[in-house]
Amino acid sequence: MRTIITSALLAILTCAPLQAQMLKTTEAPPPPSSAASAGRELTLAQTEALALRNNPQITIGKLRALVAHQYVREARSALLPNAYLSVTGVDSNPGSRLAAGGLNNPILFPRAAAGATVGQLITDFGRSTSLLSSSESQAKAEDQNSAATTAQITLAVDQSFFNVLETKALVVVSQQTVDSRQLFVDKIKALTDAKLKSDLDLSFAKVDLARGKLLLLEARNNYQSSLAALSAILGYPDQQDFQLVEEQSAIAAPVLDVSPLIQQALLQRPEVLALQDDVQAAQKFSNAEHDLWRPTVSALGVVGEAPVRDDHIPNWYGAVGVNINIPIFNGSLYSARAKVADLQADVNRQKLSDLRNNIARDVRTSWQDTARAFERLSVTQQLRDQASLALDLAQSRYNLGLGSIVEFSQAELQKTEADIADTDAKYQYRLTQIVLAYTISSPK
């Protein structure tokens, strides 16, 4: 009997430092020692700048805007003079005529001549001007679409950034849980070897340890997946080993009234501004299609010289003319084009109305999510404090022999769940703030 008691005392003394280390680990968890800690350091601002420089969607948006501005130049060319040079050489049977292939019957003379031709549209009663205005509005819409793409990529980067931070923090919590349960298993095993605890207690402790290891494996997998997602958004084909730097900031409560946020979103969202420009472009194009029925007045001037020529041709030529085209009948082509343009303008107006409604809904939903996430912060903190207290009491009762291993295991499980919930609540609130800032087109 004395030998058994002596062995038990030695076991308890041996496990005392382990228990102290377990309590220390619970209070201040160390950072993870994985290979991810040795990666390239990036702040949130650096991550956003890297994405805006490397992400292909950003480049695509800018290229589309550049294309739209070239269409503006193309539409403006209809209002500017057209000039070109011509060089002509003809060898023919002198005085011969074209006898077939057309209603005209010109005489062909051998010659070699060069000249210039200048044409200028005088007026088409506003059609070309409307087309130019339509293309300018479309270019503005593409600029806004490019800005919207930038905002969407920035939102995705921010979400991935904080997802990486959250999953990394959960790895810390999971590693802490495994370390604590491993120490407890070692303690119970020592007591079991000394015949002071049963094999059932050791079995329960090992089951809890296995659960903690499964939790750690899942947390590490989620961390690697979030790193892969962030690498893809930043424009890397391979997963990068980033070490993200979290900037500490005070937690601010959300605003109490959502109405100003909705108005701000409707005034600033680039998607709304782009669709407004699309509506204006469609209306201008509709006006241009209706102007197809109006006359077109243009001027043409030519001048040239024929140094080698038949005797019937003078050595130089020049002429100025004005041409007026008046459409009369074209099989209802112009009427159909005008009707299509009117319908397309109505479609764009309905799209704008639908977009406004959806943005108002998204802002309200994001605001509600932010308010709920803010309230969750205090609840999860209280849950974590109470779970820590319950674990301390359960551990004390178990060490004194007043509680069972089931009671202690349940308290430890609740503590782990509370730690995870509290960590998740902090990052989820930051994510809801980011989404709300995006929905109202406001800086974070």
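Throughout what follows, the structure given in this document is the object of discussion. (Residues numbered from 1 in each chain as written. Predicted model: local features only at pLDDT ≥ 70, side-chain atom pairs only at ≥ 80, totals over all residues. Heavy atoms only, no water.)

## Observations concerning the pairing of strand S8 (residues 316–325)
Pairing of strand S7 (residues 296–309) with S8, which is carried by 10 bridges, proceeds in the antiparallel orientation. Within S8, the position partnered with Gly301 by the bridge is Val320. Between S7 and S8, which pair antiparallel and follow one another directly, the connecting turn spans six residues. (Pairing = 2+ DSSP bridges. Helix = DSSP H or I, 4+ residues; strand = E, 2+ residues; numbered from the N terminus.)

## A look at the pattern of salt bridges
Here the structure, examined in full by the defined rule, presents 17 salt bridges. Arg181 is the salt-bridge partner of Glu412, the closest N and O atoms lying 3.5 Å from each other. Remark: Arg181 occurs in helix H4 (residues 127–193) and Glu412 occurs in helix H9 (residues 405–439); sequence separation between them is 231 residues. For Glu412, a relative accessible area of 6% puts it in the buried group. The class of Arg181 is buried, set by a relative accessible area of 5%. The closest approach of N and O atoms between Lys189 and Asp193, which form a salt bridge, is 3.4 Å. (Salt bridge = Lys/Arg side-chain N within 4 Å of Asp/Glu carboxyl O. Buried < 20%, exposed > 50% of the residue type's maximum accessible area, 1.4 Å probe, protein only.)

## Some points on the environment of Ala319
Its place among the elements puts Ala319 in strand S8. Ala319 sits in the partly exposed class, given a relative accessible area of 43%. For the pair Ala319 and Val303, spaced 16 residues apart in sequence, the C-alpha to C-alpha distance is 6.6 Å. Beyond its immediate stretch of four places on either side in the chain, Ala319 contacts Leu300, Gly301 and Val302. (Contact = heavy atoms within 4.5 Å.)

## Thoughts on the nonpolar core
Phe162, Phe184, Leu234, Phe242, Leu244 and Phe408 are the most contacted members of the largest nonpolar core, which totals 40 residues. At the level of elements, helix H2 (44–54), H4, helix H5 (199–233), strand S6 (242–244), helix H8 (333–399) and H9 are the ones that each hand at least two residues to this core. For this core, the element with the most residues is H4, which contributes 13 residues. In this view, Leu234 contacts Leu42, Thr47, Leu50, Ala51, Asn54, Val157 and Phe242; residues no more than four positions away in its chain are not counted. Grouped together as the second largest cluster of nonpolar side chains are 14 residues, Val258, Ile262, Ala265 and Val363 included. (Core = buried A, V, L, I, M, F, W, Y, C linked by side-chain atoms within 4.5 Å.)

## What to know about the packing of aromatic side chains
To describe a pair of aromatic rings, one takes the distance between the centres and the angle between the planes. Taken as a whole and assessed by the stated rule, the structure comprises seven aromatic pairs. Taking 5.4 Å as the distance between ring centres and 75 degrees as the angle between the ring planes, the aromatic pair formed by Phe161 and Phe162 counts as edge-to-face. This pair shows no difference in class: Phe161 is buried, exactly as Phe162 is. One aromatic cluster is present, built from ring pairs that chain together Phe184, Tyr398 and Phe408. Over the ring of Tyr438 we find Arg269; its NZ or CZ atom is 5.0 Å from the centre of that ring. (Phe/Tyr/Trp six-rings, centres within 6.5 Å; stacked < 30°, edge-to-face > 60°. Lys NZ or Arg CZ within 6 Å of the ring centre and 35° of its normal.)

## Some remarks on the side chain of Thr432
Positionally, Thr432 belongs in helix H9. Dropping the residues within four chain positions of it, Thr432 is found in contact with Asp369, Thr370 and Ala373.

## A short note on the sheet that holds S7
Overall, antiparallel pairing links the four strands, which are arranged S2-S5-S7-S8 in an open sheet. Each end of this open sheet is capped by a strand with a single partner; those strands are strand S2 (82–90) and S8. Geometrically, the sheet is characterised by an average inter-axis angle of 20 degrees between neighbouring strands, direction not taken into account. Of the pairings in the sheet, the one linking S2 to strand S5 (residues 111–123) comprises nine bridges and is antiparallel in character. For Val87, the partnering residue across the bridge sits in S5 and is Ala114. (Axes fitted to C-alpha atoms, helices over the stretch in contact; angles between N-to-C directions.)

## Considerations on the packing of H5 against H9
Taken N-terminus to C-terminus, the directions of H5 and H9 make an angle of 15 degrees; their axes are 10 Å apart at the nearest point. Our classification of the angle between H5 and H9 gives roughly parallel. Read as a crossing pair, H5 and H9 show a hand that is right-handed. Here Asp201, Phe204, Asp208 and Leu215 of H5 lie close against H9, whose contacting residues are Ile405, Val406, Ser409, Glu412, Thr416 and Ile420. Within the contact of H5 with H9, the residues separate by chemical class into five nonpolar, two polar and three charged. (Parallel < 35°, antiparallel > 145°, perpendicular 65-115°, else oblique. Left-handed = near helix turned anticlockwise from the far one by under 90°. Nonpolar A, V, L, I, M, F, W, Y, C, P; charged D, E, K, R; others polar.)

## Topic: the side chain of Gln243
Structurally, Gln243 can be placed in strand S6. With a relative accessible area of 15%, Gln243 lands in the buried category. Polar contacts involving the side chain of Gln243 include one to the side chain of Lys168, which spans 3.0 Å. (Polar contact = N/O pair within 3.5 Å; in protein donor to acceptor, adjacent residues only side chain to side chain.)

## A closer look at helix H6 (residues 259–268)
Inspection of H6 places Leu261, Ile262, Ala265 and Leu266 among the buried residues, and these make up the whole buried set. Here the buried residues of H6 occupy an arc of 135 degrees about the axis, which is enough to place them on one side. Next to the buried residues of H6 lie helix H7 (270–290), H8 and H9. (Arc of directions from axis to C-beta.)

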